[in-house]
Amino acid sequence: MAMDSSFTFEVPENGDPLRSTKYDFARDHVGFGRHPPNPEWPNGAKIAVSFVINYEEGAERTVLNGDAQSENMLWEQAHIAPRLGERAVNVESDYDYGSRRGVWRLLNTLEEHDYPATIYAVGMALEKNPAVVEAFASGGHEIASHGYRWIDYHNVGSEREKAYIRQQMQCLKTLTGAYPGTGS
Ligand SMILES: [Zn+2]
């Protein structure tokens, strides 16, 4: 049977004005190649290990936070069908383990070895667990901004994203007494 010569491949419309050719930075497929620069780490160390705790529990997408759907991807198991307009209690349970138990286990282990961590802190998550904020601060850990909400920002408009960034800065200042990275 002859191929239908009238067939044309449809290119989907570019719905995002920043996508594709409009990005102003190119990819680098070459890098440093065989001779990367020597970072000259102390004592001739060959690797540097940095411990980071992402603290996001309670700030994820959920109808309890006013979102249209509850999180169905960013958890420890396989995807589940999107929970539209309803809670995903099994996903909540993963997140709640982190805030109720997981974070304390990590802090206990790190502090036992006198090892301060960087906390990638999501503002709304901190607001929901003051004891954890106090532990981050008194344990000498560094609190870094990881946004006010833990959601997929791919399709979030720039104005809403800017508003979240401002809200996050104020949230960290209120909860910890300082804007992240400034000490004041
Ligand atoms: Zn994150």
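Data block above holds the structure.
Residues numbered from 1 in each chain as written. Predicted model: local features only at pLDDT ≥ 70, side-chain atom pairs only at ≥ 80, totals over all residues. Heavy atoms only, no water.

### Here's the deal with the overall build of the protein
Then step 1. A tally of regular secondary structure across the protein gives four helices and five strands.
Then step 2. When each of the 184 residues of the protein is scored for burial, the buried share is 29%.
Then step 3. The long-range fraction of contacts in the protein, counting pairs at least 24 apart against all pairs at least 6 apart in sequence, stands at 59%.
Then step 4. A total of about 13,500 Å² of accessible surface is found on the protein, and carbon and sulfur atoms cover 54% of it. (Helix = DSSP H or I, 4+ residues; strand = E, 2+ residues; numbered from the N terminus. Buried < 20%, exposed > 50% of the residue type's maximum accessible area, 1.4 Å probe, protein only. Contact = heavy atoms within 4.5 Å. Areas by Shrake-Rupley, 256 points an atom, 1.4 Å probe, with all protein chains shown as cover.)

### Concerning helix α3 (residues 130-138)
Then step 1. Those residues of α3 lying buried are Val-132, Val-133, Ala-135 and Phe-136. Buried residues of α3 fall within an arc of 165° about the axis and therefore sit on the same side. Pointing more than 90 degrees away from the buried face of α3 are the exposed residues Pro-130 and Ser-138.
Then step 2. Considering only its buried residues, α3 is in contact with β1 (52-55), α1 (89-112), β4 (118-121), α2 (123-127), β5 (142-145) and α4 (158-176). (Arc of directions from axis to C-beta.)

### Here we look at the coordination of the zinc ion
Then step 1. Surrounding the zinc ion are the protein donor atoms Glu-56 (OE) and His-146 (NE2), which sit 2.0 to 2.1 Å from the metal. A residue pair is termed long-range when its members are at least 10 positions apart, and Glu-56 in the loop between β1 and β2 (69-70) and His-146 in the loop between β5 and α4 qualify at 90 residues.
Then step 2. Accessibility expressed as a relative area gives 10% for Glu-56, which makes it buried. (Donors = N, O, S within 2.8 Å, 3.2 Å for Na, K, Ca; no water.)

### Digging into α4
Then step 1. With 19 residues, α4 should reach 27 Å at 1.5 Å per residue; the first-to-last C-alpha distance of 27 Å fits that figure.
Then step 2. All of the buried residues in α4 are Tyr-164, Gln-168, Cys-171 and Leu-172. All buried residues of α4 lie within an arc of 95° about the axis, which places them on one face of the element. Turned more than 90 degrees away from the buried face of α4 sit Glu-159, Arg-166 and Thr-174, all of them exposed.
Then step 3. As for α4, its buried residues are in contact with β4, α2 and β5.
Then step 4. Backbone geometry just downstream of α4 places Gly-177 in the positive-phi region, at approximately 85°. (Expected span 1.5 Å × (residues − 1).)

### Quick notes on unusual backbone geometry
Then step 1. Positive phi, normally seen in glycine, also occurs at Glu-40, with a value near 50°.
Then step 2. Looking at where Glu-40 falls in the secondary structure, it is placed in the segment before β1.
Then step 3. Backbone geometry places Asp-114, a non-glycine residue, at a positive phi of 60°.

### Regarding a nonpolar patch on the surface
Then step 1. On the surface, a nonpolar cluster with roughly 400 Å² of combined accessible area is contributed by Ile-47, Val-49, Phe-51 and Tyr-115.
Then step 2. Along the chain, the position of Tyr-115 falls in the loop between α1 and β4.
Then step 3. Residue Tyr-115 is classed as partly exposed on the basis of its relative accessible area of 32%. (Patch = residues over 30% accessible without salt bridge, like charges linked within 9 Å, V, L, I, M, F, W, Y side chains within 5 Å. Salt bridge = Lys/Arg side-chain N within 4 Å of Asp/Glu carboxyl O.)

Function-wise, these values are silent; they only describe arrangement.
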